[in-house]
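Structural description and commentary
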Amino acid sequence: MFGGSAQAAVSGCHASINSPLPNHASVGCTRGFGKYRVRAQCDSPNYPYSTTVYGRWQSLSSGGGAPASVVNGDNYNCHIVKAWVDVH
């Protein structure tokens, strides 16, 4: 027999764009343990390029209630078009 208890990785995550405000991307996770953040594709309105921008890492523990990770495309002079979850 092995000692200790298993801990599930972060799960129950949902990425969205234009939330909580226009040109923002956010990620929230509801289950498991660990860190997560939003990763978003941000396209320039003036030049033919796309860049990846990231929100702050957030931590989820057994108590839940971790805040969403959010990134604002306006801070990078680009328009957010897609969002994903990064898990650490």
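Note that this is a predicted model, so its numbers are computed, not measured.

About the criteria used
- Every chain's residues receive numbers from 1 upward, in the order its sequence appears when written.
- A pLDDT threshold of at least 70 governs which residues receive local features in this predicted model, and a stricter bar of 80 or more applies before side-chain atom pairs are shown or counted, although totals over entire chains, interfaces and linings include all residues.
- Only hydrogens and water are set aside; all other atoms, that is, all heavy atoms of the structure, feed into the side-chain values.
- Sulfur atoms of two cysteines make up a disulfide when they are within 2.5 Å.
- Comment: elements are numbered from the N terminus, with helices defined as DSSP H or I runs of at least four residues and strands as E runs of at least two.
- Burial classes: relative accessible area under 20% of the type maximum marks a residue as buried, over 50% as exposed, and values in between as partly exposed (1.4 Å probe, protein chains only).
- Two strands pair under a simple rule: DSSP has to find at least two bridges between them.
- Only C-alpha atoms enter the line fits that serve as axes; for helices the fit covers just the stretch in contact. Angles between N-to-C directions range over 0 to 180 degrees.

Applying the stated criterion to the full structure yields 2 disulfides. Disulfide pairing places Cys13 opposite Cys29 at an S-S distance of 2.0 Å. A torsion of 110 degrees about the S-S bond marks the disulfide between Cys13 and Cys29 as right-handed. Highlighted residues: Cys13 in the segment before β1 (14–17) and Cys29 in the loop between β2 (24–28) and β3 (34–43), separated in sequence by 16 residues. In this structure Cys29 comes out as buried when scored by relative accessible area, which is 5%. Between Cys42 and Cys78 runs a disulfide, and the two sulfur atoms are separated by 2.0 Å.

Within the open sheet, the 3 strands sit side by side as β1-β2-β6. Their pairing is antiparallel. Both edges of this open sheet fall to β1 and β6 (69–72), since each of them pairs with a single strand only. This sheet shows a mean twist of 10 degrees between the axes of neighbouring strands, independent of strand direction. Pairing of β2 with β6, which is carried by 4 bridges, proceeds in the antiparallel orientation. In the sheet register, Val27 faces β6, and the bridge partner there is Ser69.

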